[in-house]
Amino acid sequence: MDEVRVSVIVPLYNCAPYIEACITSLKEQTFADFEVLCVDDCSTDGSLAIARASAGDDRRFGFTALEKNGGQSVARNVALDQARGTYIVLLDADDYFVPEALEKLVERAEQQDLDDLYFSAQAFYESKELFDQVREEYQNRPAFDGVTTGPRLFTYFEEHREFLPHAPLRMVKRSLIEENHIRFYEGIIHEDVLFTFQTLVRSKRTSYLNEPLYRRRVRSGSTMTAKHTVENVRGHVVCVREMRAWVERHADELEEEFLRAVSRRMVDYSLIAGRIWLKDIDEADRERFLRGLSPQDRLAFYSEVVYPASALEECENDLRSSKTYRLGDALLGVPRRMRDGIRGAKEFREEQN
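Described below are features of the structure shown in this document. (Residues numbered from 1 in each chain as written. Predicted model: local features only at pLDDT ≥ 70, side-chain atom pairs only at ≥ 80, totals over all residues. Heavy atoms only, no water.)

**Regarding the overall build of the chain**
So, point 1. Within the chain one finds 13 helices and 9 strands.
So, point 2. Here the chain holds 353 residues, and the buried ones make up 49% of them.
So, point 3. Expressed as a percentage of contacts within the chain between residues at least 6 apart in sequence, the contacts between residues at least 24 apart total 83%.
So, point 4. Of the roughly 17,600 Å² of accessible surface on the chain, a fraction of 50% belongs to carbon and sulfur atoms. (Helix = DSSP H or I, 4+ residues; strand = E, 2+ residues; numbered from the N terminus. Buried < 20%, exposed > 50% of the residue type's maximum accessible area, 1.4 Å probe, protein only. Contact = heavy atoms within 4.5 Å. Areas by Shrake-Rupley, 256 points an atom, 1.4 Å probe, with all protein chains shown as cover.)

Okay, here's the thing in structure tokens:
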């Protein structure tokens, strides 16, 4: 079959209230040379039918229904196997693109002959409560107009503490993915972390388009806002394990700055997993998780995840219990909370516009 310039991958799973806006945003793109691969992961709310109806007779849209539920990684991998585009773009079914998104991405990628291209987003929220609970900020990332390697761009973002692992916020050449046999790790959540890393470290020419081309919906029930479970822990642990294995295999050819940056990033992910383990996982789930680990993996889990997070929490508790901290918090707490409440309400209104 003939190639197209862009393959847009849209996994579907119980997204009926949102899928029409997602599909419509693709039909309204100012750039026309693309295909959309919608893969339904056994939705039970009619998402696939709504997606088909929204696409209408637009032949750029293709649909696949999986026979059994496998998770977002499986749906994305099925689409990657079908893709014909020069570039791959991911779009979550509850999000959407601005009309000029694909046009701007292809123009920049071809001007600079890029292997992949990062771009920015703007979050919008279903409620003020979600805005307060999960505030996603993209506007703080520093601009980067030049061309560099993936590891160096990662180091640049990490030095500013603004690296984001969201896979939908990048356009990647399909040849880079296929030549390196990259697919989403199946059976975990937070799979974006590993996919972004695996493609990034192999990119010879990358850049960042500092424009909010993606509209990211923050809603109840999503991976970001749902109650943490042991699957959140396992997802982060698997990603760190796979990242570390790759770095160890290639350490001799990596720059010192990247080694420091990726080490800090892996520690961050491990601490996230550790905090979830300590605060959100009950004893029965902990025992089931540990039984599934080999003695070697349990050793690594305790030493790299649980005890570092526990030690950090103890330090924070000691600080909060100190007399100086309590006095400062008492003096500043009320005006600070008033300030944050006023600012939060103002920012929420601005985000929704």
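**Notes on the side chain of Asp40**
So, point 1. As for its placement among the helices and strands, Asp40 is situated in strand E2 (residues 34-40).
So, point 2. It is Arg52 that comes nearest to the buried, bridge-free Asp40 among opposite-charge side chains, at 8.6 Å.
So, point 3. Setting aside residues no more than four positions away along its own chain, Asp40 makes contact with Leu12, Ser47, Leu48, Thr64, Ala65 and Leu66. (Lys, Arg positive; Asp, Glu negative; His and termini not counted. Salt bridge = Lys/Arg side-chain N within 4 Å of Asp/Glu carboxyl O.)

**Some details on helix H11 (residues 283-291)**
So, point 1. Residues Arg286, Phe289 and Leu290 constitute the buried set of H11. For H11, the arc enclosing every buried residue in end-on projection is 95°, short of the 170-degree limit, so these residues lie on one face. (Arc of directions from axis to C-beta.)

**Here we look at the environment of Phe289**
So, point 1. If you trace the backbone, Phe289 turns up in helix H11.
So, point 2. Placed 58 residues apart in sequence, Phe289 and Glu231 show a C-alpha to C-alpha distance of 9.2 Å.
So, point 3. When neighbours within four sequence positions are excluded, Phe289 is seen to be in contact with Val230, Val233, Arg234, Trp277 and Phe301.

**What to know about the nonpolar core**
Inside soluble globular proteins, nonpolar side chains tend to come together where they are buried.
So, point 1. One finds Val6, Val8, Val10, Leu12, Ile19, Leu26 and Phe97 to be the most contacted residues of the largest nonpolar core, which totals 44 residues.
So, point 2. Put simply, the parts of the chain that give this core at least two residues each are strand E1 (4-12), helix H1 (19-27), E2, helix H2 (47-55), strand E4 (85-90), helix H4 (101-112), strand E6 (116-125) and strand E9 (206-218).
So, point 3. Once you skip the residues sitting within four places of it in the chain, Ile19 turns out to touch Val10, Leu12, Ser47, Ile50, Ala51 and Ala93.
So, point 4. Formed by 26 residues, the second largest nonpolar core is a distinct cluster that contains Tyr118, Ile188, Leu200 and Tyr208. (Core = buried A, V, L, I, M, F, W, Y, C linked by side-chain atoms within 4.5 Å.)

**What to know about unusual backbone geometry**
So, point 1. The phi torsion at His181 lies on the positive side, around 55°, for a residue other than glycine.
So, point 2. Secondary-structure assignment places His181 in the loop between helix H7 (174-179) and helix H8 (191-200).
So, point 3. With relative accessibility at 71%, the residue His181 sits in the exposed group.
So, point 4. Positive phi, normally seen in glycine, also occurs at His190, with a value near 65°.
So, point 5. Position of His190 among the secondary structure elements: in the loop between H7 and H8.

**Focus: the pattern of salt bridges**
So, point 1. Summed over all chains, the structure comprises 23 salt bridges.
So, point 2. With its nearest N and O atoms 2.9 Å apart, the salt bridge here joins Arg265 to Glu158. Taken together, the positions of Arg265 in helix H10 (residues 256-280) and Glu158 in helix H6 (residues 150-159) put the pair 107 residues apart, joining distant regions of the chain. Like Glu158, Arg265 is buried.
So, point 3. Residue Glu178 pairs with Arg183 through a salt bridge whose shortest N-O separation is 3.1 Å.

**Quick look at the environment of Tyr302**
So, point 1. Tracing the backbone through its elements, the reader meets Tyr302 in helix H12 (residues 295-321).
So, point 2. A residue is classified by how much of its surface remains accessible, and Tyr302, at 30% relative accessible area, is partly exposed.
So, point 3. Sequence separation of Tyr302 and Gly274 is 28 residues, and the distance between their C-alpha atoms is 9.1 Å.
So, point 4. When near neighbours in sequence (up to four residues on either side) are disregarded, Tyr302 contacts Leu290, Tyr307 and Pro308.

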